[in-house]
Amino acid sequence: MARRRQIYEGKAKVLFEGPEPGTIVQYFKDDATAFNNKKKGVITGKGVLNNRISEFLMIKLAEIGIPTHFVRRLNMREQLVREVEIIPLEVVIRNIAAGSLSQRYGVPEGTALPRSIIEYYYKNDELNDPLVSEEHITAFGWANTHDLDEMMGLSLRINDFLTGLFLGVGIRLIDFKLEFGRLWEGEEMRIVLADEISPDNCRLWDLKTNEKMDKDRFRRDLGGVEEAYQEVARRLGILPEGGPRDLKGPETMQ
Ligand SMILES: Nc1ncnc2c1ncn2[C@@H]1O[C@H](COP(=O)(O)OP(=O)(O)OP(=O)(O)O)[C@@H](O)[C@H]1O
Ligand SMILES: [Mg+2]
């Protein structure tokens, strides 16, 4: 296949120009980073698993009416998505205290929050993705109040749905990060879910043992990282036959 033009290389994915205007190809790498790129590593097979997990979750979300950028999976490591204008915010939805929330407010990890909390971080690696308020977001023009209402509404629906979906396979959805983008159709603009949903940007704990099944295993050197990602895919019923190996030739689509 002719090599497509690369648009961007991020920490976890590479973006290529898609076959039709307005589309891009997301290529999922095995590279893992944490603490804003200070810790780097490779999680073998992660790209294959995240491509599959994100596809599965985006399709499920589309089925309940959440607009997403997802078009179709192309192969083991690539998916076709609609190109959007990314809103420069990381939207974090939290159900149980963990990570930076625990540190910042002194709430022990694992404490159930009285209600789900949505946080916004400004997507800017140089600034370490700082926590921002709606005031900052609207004052600096990253999004307006309508965009924020839309993102919050979608985030809560996504949270309710994913919480139930993961609970059904014995996993607690502790928190997760979403990115949204603007999709223009003529004069009309819609806010859609973009990027990916995977154990790279969700905290997932085993329901019975509270064992971590996500990128915290890499961040905190807990070992068994590959196995944890595989176990998430296995429980969702989507582990590729024979594990997350790459296929050489073209493959049949499901
Ligand atoms: N549908 C889309 N259209 C355009 N850009 C997208 C789309 N979905 C995701 N992106 C962007 O593609 C990049 C994905 O690459 P990756 O996740 O590796 O980035 P990253 O290293 O985390 O960097 P960033 O800080 O920009 O997220 C991100 O910048 C993300 O915002
Ligand atoms: Mg990213």
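Our focus in this paragraph is the packing of aromatic side chains. Under the defined criterion, the tally for this structure stands at two aromatic pairs. Look at Tyr122 and Trp142: their rings are 3.9 Å apart centre to centre, the planes differ by 15°, and that puts the pair in the stacked class. In this pair, Tyr122 is assigned in strand S10 (residues 112-122) and Trp142 in the loop between helix H3 (134-139) and helix H4 (145-167), connecting sequence segments 20 residues apart. Overall, Trp142 belongs to the buried group, its relative accessible area being 15%. Through successive ring pairs, a cluster of aromatic residues spans Tyr122, Phe140 and Trp142. The cationic tip of Arg4 hangs over the ring face of Phe16; the distance from NZ or CZ to the ring centre is 5.2 Å.

So, about the packing of helix H1 (residues 46-63) against helix H6 (residues 225-235). Two elements in contact, H1 and H6, have axes separated by 10 Å at closest approach and are oriented at 30°. The orientation of H1 with respect to H6, classified from their angle, is roughly parallel. Judged by the sense of rotation from one axis to the other, the crossing of H1 with H6 is left-handed. Only Tyr229, Gln230, Val232 and Ala233 of H6 make contact with H1, whose side of the interface consists of Lys46, Leu49, Asn50 and Ile53.

Time to look at the domain arrangement of the protein chain. Once the domains are mapped, the protein chain shows domain 1 (6-84 + 224-236) and domain 2 (85-206). Taking only C-alpha atoms, the centre of domain 1 and the centre of domain 2 are 17 Å apart. Residue-level contacts link 29 residues of domain 1 with 31 residues of domain 2. Summed over both sides, the interface of domain 1 with domain 2 buries roughly 2600 Å², with 61% coming from carbon and sulfur. In terms of surface lost to domain 2, no three residues of domain 1 exceed Pro67, Val84 and Arg235, which account for 25% of the buried area on that side. Where domain 1 packs against domain 2, one counts six salt bridges. A salt bridge links Lys13 to Glu196; the shortest N-O distance between them is 2.6 Å. Here domain 1 and domain 2 share 19 residue pairs in polar contact (both at pLDDT 80 or more) between them. Where the side of domain 1 that touches domain 2 is concerned, the elements lending two or more residues are strand S3 (23-28), H1 and H6. The element that contributes the greatest number of residues to the side of domain 1 that touches domain 2 is H1, accounting for nine residues. Residues of the side of domain 1 that touches domain 2, tallied by class, amount to 14 nonpolar, seven polar and eight charged.

Conventions used here
- Residues numbered from 1 in each chain as written.
- Chains lettered and ligands numbered in written order.
- Predicted model: local features only at pLDDT ≥ 70, side-chain atom pairs only at ≥ 80, totals over all residues.
- Heavy atoms only, no water.
- Phe/Tyr/Trp six-rings, centres within 6.5 Å; stacked < 30°, edge-to-face > 60°.
- Helix = DSSP H or I, 4+ residues; strand = E, 2+ residues; numbered from the N terminus.
- Buried < 20%, exposed > 50% of the residue type's maximum accessible area, 1.4 Å probe, protein only.
- Lys NZ or Arg CZ within 6 Å of the ring centre and 35° of its normal.
- Axes fitted to C-alpha atoms, helices over the stretch in contact; angles between N-to-C directions.
- Parallel < 35°, antiparallel > 145°, perpendicular 65-115°, else oblique.
- Left-handed = near helix turned anticlockwise from the far one by under 90°.
- Contact = heavy atoms within 4.5 Å.
- Domains from an automatic or database assignment.
- Buried area = accessible area lost by both parts, 1.4 Å probe.
- Salt bridge = Lys/Arg side-chain N within 4 Å of Asp/Glu carboxyl O.
- Polar contact = N/O pair within 3.5 Å; in protein donor to acceptor, adjacent residues only side chain to side chain.
- Nonpolar A, V, L, I, M, F, W, Y, C, P; charged D, E, K, R; others polar.

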